[in-house]
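# Topology and contacts: notes
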Amino acid sequence: MDFSLRITLFSKSLLVSIYQAFAFQLILLFVSENKMHIEIITTPNEALKESGFGSLKACNSVLHAIQRLGHDVKLNVCENRACLDEVVKRKPELVILAVKYIALENEDDIWLSDYLSQHKVNFTGSSREVLKFDSNKVKAKIHLSNKGIKTARYFIATPGQYNKERELPFTFPLFLKPLDAANGNGIDDLSYVTRFENFESKVTSLYESFNQPVLVEEYLDGREFTVAVIKKNNNELILSAVEIIPPTSTNGLKILGAQAKKDDSETMVTINDHEIKNRVTTLAAAAFNSLGVRDFGRIDIKTNKSGECFFMEANLVPGMTHGSSYFPQACKIANGFDYDKVVELLLACGMARASSTMPPNLHPDSDDTIVAL
Ligand SMILES: Nc1ncnc2c1ncn2[C@@H]1O[C@H](COP(=O)(O)OP(=O)(O)O)[C@@H](O)[C@H]1O
Ligand SMILES: [Mg+2]
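Residues numbered from 1 in each chain as written. Chains lettered and ligands numbered in written order. Predicted model: local features only at pLDDT ≥ 70, side-chain atom pairs only at ≥ 80, totals over all residues.

Per the secondary structure count, the protein includes 12 helices and 14 strands. Here the protein holds 373 residues, and 39% of them are scored as buried. Partitioning the contacts of the protein with sequence separation of at least 6, the portion at a separation of at least 24 is 68%. (Helix = DSSP H or I, 4+ residues; strand = E, 2+ residues; numbered from the N terminus. Buried ≥ 20, exposed ≤ 12 C-beta atoms within 10 Å, placed from the backbone. Contact = placed C-beta atoms within 7 Å.)

In structure tokens:
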């Protein structure tokens, strides 16, 4: 090879190396420019009545997914106000709420969405006002039925309130459950009631365990569905609907009670029938929008024998346990999203609020604005 050819080759490879180094720097610059300071707040949640992302394991799965997306993320297991104050002082661009509130001894619970709104910190999920629809099933049912969205007929009962079958607002078969519990707590085969003496005893046992009037619904004898809903930046909804098939109990019932949920004995399957899928997703989107949910939520739906869909409940801080929670599982089954993709989508609106130059409380999607609507 003559000398001039060697020089040419050498300069070419030098140019390629310089170009590569430059491109690499650009990528690094892009990643660091888009790197966000994110914090997750959870609490030792065994004591909480309400659901959240799940155990520490679920929070760590979310944390690792966010790290893989290239962000700075810290997990806080807060038990007191001082811990929350520390989070606020660090001025995170986005706080992920893995639970709705932290419980304090001899003091009122601190609702995290309220606390962070007051401190003008951007956070994921819905405002305290909207979270009430998740905490209180009747509040959600009243709100939705006023907007023409179907939900099972219901009444509220306390022990001794009804003395005979004919006094009941409507009759058997009925389904009895706690007004504000989650994860199937208080729900078992005895929730399905066809006789007055069984009605009385389940009302008494639920009232004693949960210190709340009991929610009595007409029994829906059809199929069960859940829809993971994620709002995109452009306000479009990503809907991941699946059918849940509970195990059959010894009494031949198919109920997602506490035991089935603990044993993970239910199965989730794709909805192949387009018409049913359409009905289920339409109801879920209508419920999500009517309740004013921000960012994400899971809507549970049940049908009656003739296939009519009824809103059952909204889960606004859905479980995020990798490999078992309904929310990521539904996203996988219905849309093929892996866990990291689900976490990325969950944060998209929150991140957009963080990048917006508007203060979070004035942002069109702000919890404050939603409350005002
Ligand atoms: N009206 C009803 N008719 C029939 N089954 C019901 C009814 N309400 C609830 N269930 C059954 O009980 C399960 C739990 O009810 P749900 O209201 O979703 O409470 P949780 O918050 O504990 O998940 C449902 O998934 C369903 O299997
Ligand atoms: Mg449910």
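Surveying the vicinity of ligand 1 reveals 20 residues, the closest of which are Phe175, Ala182, Glu217, Leu220 and Leu256. Only strand 7 (174–178), strand 13 (296–303) and strand 14 (309–315) provide two or more residues apiece to the shell around ligand 1. The residue makeup of the shell around ligand 1, split by class, is 11 nonpolar, 3 polar and 6 charged. Here the shell around ligand 1 spans two domains, since at least three of its residues come from each of domain 1 (132–149 + 221–362) and domain 2 (154–218). (Near = placed C-beta within 6 Å. Nonpolar A, V, L, I, M, F, W, Y, C, P; charged D, E, K, R; others polar. Domains from an automatic or database assignment.)

Now for the sheet that holds strand 12 (residues 267–270). Reading across the sheet, the 5 strands line up as 12-11-10-13-14 and stay open at both edges, with antiparallel pairing between neighbours. Only two strands of the sheet have a single neighbouring strand rather than two, namely strand 12 and strand 14. Averaged over neighbouring strand pairs, the angle between their axes works out to 30 degrees when direction is ignored. Summarising the sheet, strand 10 (residues 224–231) and strand 11 (residues 237–245) pair through 8 bridges and their orientation is antiparallel. Looking at the pairing, glutamate 224 lines up with isoleucine 244 of strand 11. (Pairing = 2+ DSSP bridges. Axes fitted to C-alpha atoms, helices over the stretch in contact; angles between N-to-C directions.)

With that settled, consider the pairing of strand 3 (residues 94–97). Neither face of strand 3 is open: one carries Leu94 and Ile96, the other Val95 and Leu97, and all of them are buried. Looking at chain direction, strand 1 (residues 37–42) and strand 3 are connected through 4 bridges and run parallel. The residue bridging glutamate 39 from the neighbouring strand is valine 95, located in strand 3.

The next point concerns the pairing of strand 10. Across the 8 residues of strand 10, 7 count as buried, placing the element largely inside the fold. Taking the residues that link successive antiparallel strands as the turn, the strand 10-strand 11 hairpin has 5 residues, and the phi of asparagine 235 there is positive, at about 75 degrees. Looking at chain direction, strand 10 and strand 13 are connected through 7 bridges and run antiparallel. Paired with valine 227 across the bridge in strand 13 is isoleucine 299.

Once that is clear, we can look at the confidence of the model for the protein. Interpreting fine coordinate detail is not advised for predicted regions of low pLDDT. When pLDDT is averaged along the protein, the result is 90; 85% of the residues meet or exceed 70. Contacts for the low-pLDDT stretch residues 27–32, under 50 throughout, to residues beyond four places or in other chains number 1 contact. Between residues 367–373, whose pLDDT stays under 50, and residues either more than four places distant or in other chains, the model counts 15 contacts. (pLDDT = per-residue confidence, 0-100.)

Our next topic: helix 2 (residues 56–68). In this model, helix 2 (13 residues) spans 18 Å end to end at C-alpha, consistent with the 18 Å of a helix rising 1.5 Å per residue. For helix 2, the complete set of buried residues consists of Ala58, Cys59, Ser61, Val62, Leu63, Ala65 and Ile66. Two residues or fewer past helix 2, glycine 70 is found with a positive phi of approximately 95 degrees. (Expected span 1.5 Å × (residues − 1).)

Turning our eyes to something else, we now look at unusual backbone geometry. The amide bond that connects phenylalanine 172 to the next residue, proline 173, takes the cis arrangement and shows omega of 0 degrees. Topologically, proline 173 is positioned in the loop between strand 6 (154–157) and strand 7. The backbone of asparagine 106 sits at a positive phi, close to 55 degrees, despite the residue not being glycine. Within the secondary structure layout, asparagine 106 lies in the loop between strand 4 (101–102) and strand 5 (110–111).

Two numbers describe a pair of packed helices, the interaxial angle and the distance between the axes. Orientation of helix 6 (residues 137–146) relative to helix 9 (residues 274–291), taken along the N-to-C sense of each, is 105 degrees, at an axis distance of 10 Å. With respect to helix 9, the axis of helix 6 lies roughly perpendicular. Contact residues: helix 6 offers Ala140, His143 and Leu144, while helix 9 offers Ala287, Ser290 and Leu291. (Parallel < 35°, antiparallel > 145°, perpendicular 65-115°, else oblique.)

This brings us to the environment of glutamate 86. If you trace the backbone, glutamate 86 turns up in helix 3 (residues 81–89). We classify glutamate 86 as exposed; it has 12 C-beta atoms within 10 Å. Residues glutamate 86 and asparagine 76, spaced 10 residues apart in sequence, show a C-alpha to C-alpha distance of 9.8 Å.

As a packed pair, helix 2 and helix 11 (residues 339–355) sit with axes 9 Å apart at the nearest point and diverge in direction by 85 degrees. Between helix 2 and helix 11, the interaxial angle falls into the category roughly perpendicular. Along its contact with helix 2, which presents Ser61, Val62, Ala65, Ile66 and Arg68, the element helix 11 presents Tyr339, Asp340 and Val343. Here the residues of the contact of helix 2 with helix 11 are counted per class, giving 5 nonpolar, 1 polar and 2 charged.

Before going further, it helps to spend a moment on the sheet that holds strand 1. Spatially, the 3 strands line up as an open sheet ordered 2-1-3, and their pairing is parallel. Two strands lie at the open edges of the sheet, namely strand 2 (72–77) and strand 3, each paired on one side alone. Strand-to-strand twist in this sheet, taken as the mean axis angle between neighbours without regard to direction, amounts to 20 degrees. Inspection of the sheet shows strand 1 paired to strand 2 by 6 bridges, in the parallel sense. Within strand 2, the position partnered with isoleucine 41 by the bridge is asparagine 76.

Ranked by size, the top nonpolar core spans 88 residues in total, and within it Val62, Val227, Ala284 and Ile301 carry the most contacts. Per element, the largest residue contribution to this core is 7 residues, and it comes from helix 11. Both of domain 1 (132–149 + 221–362) and domain 2 (154–218) provide at least three residues apiece to this core. Those residues in contact with valine 227 that lie beyond four places of it in its chain are Leu239, Ser240, Ala241, Val280, Thr281, Ala284, Arg298, Ile299 and Ile301. (Core = buried A, V, L, I, M, F, W, Y, C linked by C-beta atoms within 7 Å.)

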